[in-house]
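# Examining the three-dimensional arrangement
Each chain, letter by letter, is given below.
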Amino acid sequence: MKSLRHAATLLGVAAIGAAAVAAVAGAAVILQIARRVVTPAVRVADTEVLAVDTGAQTIELTRTPDTELPGQYGLQTIGTPGYVKLGAVLSTTDDRVRRKLLTQIAPGAQLDRQAVFSGWYYSSPAELHIDYESVLIGTPAGPAPAWFFPAKADAAASTTWVIQVHGRGTTRSETLRAVPVFHAAGMPVLVVSYRNDGDAPRTRGGAYALGAAEWQDVDAALTYALRHGAEKVVLMGWSMGGAIALQTVVSTTNREAIAGVVLESPVVEWRSVLRFQAQISGMRDPLPRLAMDALSMPWSARLSGAEQAIPFDTLDMVARAGELTEPILILHSDDDGFVPSDGSHALAAARPDLVTLSVFTGARHTKLWNYDQTRWVAAITDWLSAQGIIGASAR
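The next thing to look at is the environment of Asp 316. Note on placement: Asp 316 falls in the loop between α7 (298–303) and β13 (328–333). Owing to a relative accessible area of 14%, Asp 316 belongs among the buried residues under this scheme. Expressed as a C-alpha distance, the spacing of Asp 316 and Ser 118, which sit 198 residues apart in the sequence, is 28 Å. Excluding residues that lie within four positions of it along the chain, Asp 316 makes contacts with Val 268, Glu 269 and Arg 271.

Turning our eyes to something else, we now look at the nonpolar core. Ile 163, Leu 190, Leu 210 and Trp 270 are the most contacted members of the largest nonpolar core, which has 67 residues in total. Counting 34 residues, the second-largest nonpolar core is a separate cluster that includes Leu 128, Val 189, Val 191 and Ala 379.

Bringing the pattern of salt bridges into the picture now. Following the criterion strictly, the structure yields 14 salt bridges and no others. A salt bridge links Arg 43 to Asp 46; the shortest N-O distance between them is 3.0 Å. Judged by relative accessible area, which is 33%, Asp 46 ranks as partly exposed. For Arg 96, the salt bridge is made with Glu 60, and the minimal N-O distance between the two is 2.5 Å.

Taken in spatial order, the eight strands of this open sheet run β7-β8-β10-β9-β11-β12-β13-β14, and their pairing is mixed. Lying at the two open borders of the sheet, with one neighbouring strand each, are β7 (133–139) and β14 (355–360). Taken over all neighbouring pairs, the strand axes of this sheet differ in orientation by 20° on average, direction set aside. Examined bridge by bridge, strand β12 (residues 258–264) and β13 share four bridges and lie parallel to one another. Its bridge partner lying in β13, Leu 263 is registered against Ile 330. Each of β7, β9 (160–165), β10 (189–192), β11 (232–238) and β12 is contacted by helix α3 (residues 215–227), which is oriented at about 120° to β7, the strand it contacts most. Along the sheet face, helix α10 (residues 373–386) touches β11, β12, β13 and β14 and points at about 165° away from the line of β13.

Before going further, it helps to spend a moment on the packing of aromatic side chains. Aromatic ring pairs are reported here in terms of the distance separating the ring centres and the angle at which the planes meet. In this structure the tally under the stated criterion is eight aromatic pairs. Between the aromatic rings of Phe 148 and Trp 161, the centroid separation amounts to 4.6 Å while the plane-to-plane angle is 25°, which identifies the pairing as stacked. Highlighted residues: Phe 148 in strand β8 (residues 142–149) and Trp 161 in strand β9, separated in sequence by 13 residues. Across this residue pair, the class does not change: Phe 148 and Trp 161 are buried. When the centroid spacing of 6.0 Å and the interplanar angle of 40° are considered together, the rings of Trp 238 and Trp 376 count as tilted. Separated by 138 residues along the polypeptide, Trp 238 in strand β11 and Trp 376 in helix α10 bring together distant segments of the chain. Take Trp 238 and Trp 376: they sit in the same class, and that class is buried. The structure contains a cluster of three or more aromatic residues connected by ring pairs, namely Tyr 121, Tyr 122 and Trp 369. A cation over an aromatic ring shows up here: Arg 172 above the ring of Trp 147, its NZ or CZ 3.9 Å from the ring centre.

Thresholds, definitions, all that
Residues numbered from 1 in each chain as written. Predicted model: local features only at pLDDT ≥ 70, side-chain atom pairs only at ≥ 80, totals over all residues. Heavy atoms only, no water. Helix = DSSP H or I, 4+ residues; strand = E, 2+ residues; numbered from the N terminus. Buried < 20%, exposed > 50% of the residue type's maximum accessible area, 1.4 Å probe, protein only. Contact = heavy atoms within 4.5 Å. Core = buried A, V, L, I, M, F, W, Y, C linked by side-chain atoms within 4.5 Å. Salt bridge = Lys/Arg side-chain N within 4 Å of Asp/Glu carboxyl O. Pairing = 2+ DSSP bridges. Axes fitted to C-alpha atoms, helices over the stretch in contact; angles between N-to-C directions. Phe/Tyr/Trp six-rings, centres within 6.5 Å; stacked < 30°, edge-to-face > 60°. Lys NZ or Arg CZ within 6 Å of the ring centre and 35° of its normal.

Here's what the structure looks like:
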């Protein structure tokens, strides 16, 4: 009997130990998932260069929902300097797509096989052939570089500036596509960076706050604009930049200066976005919920690499829709593939008096300009005119 009791005790201790190990392992997985949410990361290769014909100036890539999109795009080849511009789709097979090269590739040049397909079409402001200057904006995180594109000399709307805010895992170059449409409308454009994006200063922890802290850097840009001749400002946010722009709107002391907000493929609230991204990554419930719970509490947020707890309720602008007073234009593709358009539809439904929703299909995430430049430009220009921000002659 003693031996049986002893064995039972050992089994009980072993079971408790196994449960403790499992709990620790589970907690580690949850914290790892949470860490991915707030840790800036470079984009990984999402396609392969299969062939380049320098005579015909064409390129073949592995076929994906992005690489088969019509329009004009960019391709970053890992380890190769420069950014290759891509044009029309010329042909497709089940597993590859052939596109026109818009960047001249010399005979004998080597492009690495691994590549990143991107909506970025311009990698530097010089490519726009519009006058610009590099400026520094004093933010709470330190001096943040920005590009300023002054308005044309005869522009009637030159006292209304546009501030461009890029998305997660990108830099300010992402937003250069939008500069010509606002410049043509007679508006100065300020293309900004923010903490931990690779251009602006890095904070001690180097983590994203998903808009809860980054808005302060955009607010500093808003103050900069007002001190340098702006009377009104239009904020434009791309993807996570949309969340940052919306937090700026509801948090700034300069709110009366905000004439409107333009959102491209925006994050309007984070919970559904993170659940969607977890699902496409193969994660199952309750892991996404537990990871968000971990990020919501100060002690576990710090263990996840965040510098502060992420206030998901504060970042939910559908729930806070009643606090909005500024006109908003949302451009979103219903098959975005990364940030579902549900939040955009919900915000438009909650505030039909303020929100104009321009729905695209087939355009994917932050590639609406690339997919249908004519419609994208018209949607923004018509909205600016409808809000009285520009005159009809500026369209």
